[in-house]
Amino acid sequence: ATPDGALAVGRDGSPALATAGSGDVLTGAVAALLAAGLSPVDAAAAGAFLHARAGEIAAETIGSAGVLAGEIRDRLPAARRWLERDDHTQEERE
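Everything in this summary refers to the structure shown in the same document. Just so it is clear, the model here is predicted, and its values are computed rather than measured.

Thoughts on the overall build of the chain
Then comes step 1: A count of helices and strands for the chain gives 5 helices and 0 strands.
Then comes step 2: Each helix (α) and strand (β) of the chain, taken in turn from the N terminus, gives the series α-α-α-α-α.
Then comes step 3: For 94 residues, the compact-globule estimate of 2.2 N^0.38 gives 12 Å, and the C-alpha radius of gyration of the chain, at 13 Å, lies within 12% of that figure.
Then comes step 4: Among the 94 residues that make up the chain, the fraction classed as buried is 30%.
Then comes step 5: Summarising the internal contacts of the chain: among those between residues at least 6 apart in sequence, 62% fall at separations of at least 24.

Spelled out as structure tokens, the structure:
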């Protein structure tokens, strides 16, 4: 939430994110986006989305149990490539 009342809600993710160190991966993603010049609000929203998508990708390839934080981190580039694609649909997200 921002001081002016704007709110971003993340509805993505996977139980794979419920692992030790996952929050550190999220923090690193947000920090990298801040360093790249995004505003704090945009970096937080984009970082949360990319983190959630990376968790989903990890769950698709490993399963939702036993995912390590490093495996989520390693899937952040794939999450970003997914986001930058122009051929995904809303149905793909559901």
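Remarks on the environment of Gly-47
Then comes step 1: Here Gly-47 is to be found in helix 2 (residues 40-62).
Then comes step 2: Overall, Gly-47 belongs to the buried group, its relative accessible area being 0%.
Then comes step 3: Every residue in contact with Gly-47, bar those within four places of it in the chain, is listed here: Leu-26, Ala-29, Val-30 and Leu-33.

Brief notes about helix 1 (residues 22-35)
Then comes step 1: Counted at 1.5 Å a residue, the expected span for helix 1 with its 14 residues is 20 Å, and the 20 Å between its end C-alpha atoms agrees.
Then comes step 2: For helix 1, the elements touching its buried residues are helix 2, helix 3 (69-74) and helix 4 (76-84).
Then comes step 3: Two residues or fewer after helix 1 comes Gly-37, characterised by a positive phi angle close to 110°.

Let's talk about the packing of aromatic side chains
Then comes step 1: Considering all chains together, one arrives at 1 aromatic pair under this definition.
Then comes step 2: The cationic tip of Arg-53 hangs over the ring face of Trp-82; the distance from NZ or CZ to the ring centre is 4.8 Å.

Some remarks on the environment of Phe-49
Then comes step 1: Tracing the chain through its elements places Phe-49 in helix 2.
Then comes step 2: Spatially, the C-alpha atom of Phe-49 lies 8.8 Å from that of Ala-79, the residues being 30 residues apart in sequence.

Brief notes about the packing of helix 1 against helix 2
Then comes step 1: One way to put it is that helix 1 packs onto helix 2 with a least axis distance of 8 Å and a crossing angle of 135°. One finds that helix 1 runs oblique with respect to helix 2. Of the two possible hands of crossing, helix 1 and helix 2 adopt the one that is right-handed. Listed contacts from helix 2 to Ser-22, Val-25, Leu-26, Ala-29, Val-30, Leu-33 and Leu-34 of helix 1 are Pro-40, Ala-43, Ala-44, Ala-46, Gly-47, Ala-48, Leu-50 and His-51.
Then comes step 2: Here the residues of the contact of helix 1 with helix 2 sort into 12 nonpolar, 3 polar and no charged.

Thoughts on helix 2
Then comes step 1: Between its terminal C-alpha atoms helix 2 stretches 32 Å, which fits the 33 Å expected from 23 residues at 1.5 Å a residue.
Then comes step 2: Those residues of helix 2 lying buried are Ala-43, Gly-47, Leu-50, His-51, Ala-52, Arg-53, Ala-54, Gly-55, Glu-56, Ile-57, Ala-58 and Ala-59.
Then comes step 3: Following helix 2 by one or two positions, Gly-63 adopts a phi angle in the positive range, close to 110°.

The rules behind each value
- Residues numbered from 1 in each chain as written.
- Predicted model: local features only at pLDDT ≥ 70, side-chain atom pairs only at ≥ 80, totals over all residues.
- Heavy atoms only, no water.
- Helix = DSSP H or I, 4+ residues; strand = E, 2+ residues; numbered from the N terminus.
- Rg over C-alpha atoms; globule rule 2.2 N^0.38 Å.
- Buried < 20%, exposed > 50% of the residue type's maximum accessible area, 1.4 Å probe, protein only.
- Contact = heavy atoms within 4.5 Å.
- Expected span 1.5 Å × (residues − 1).
- Phe/Tyr/Trp six-rings, centres within 6.5 Å; stacked < 30°, edge-to-face > 60°.
- Lys NZ or Arg CZ within 6 Å of the ring centre and 35° of its normal.
- Axes fitted to C-alpha atoms, helices over the stretch in contact; angles between N-to-C directions.
- Parallel < 35°, antiparallel > 145°, perpendicular 65-115°, else oblique.
- Left-handed = near helix turned anticlockwise from the far one by under 90°.
- Nonpolar A, V, L, I, M, F, W, Y, C, P; charged D, E, K, R; others polar.

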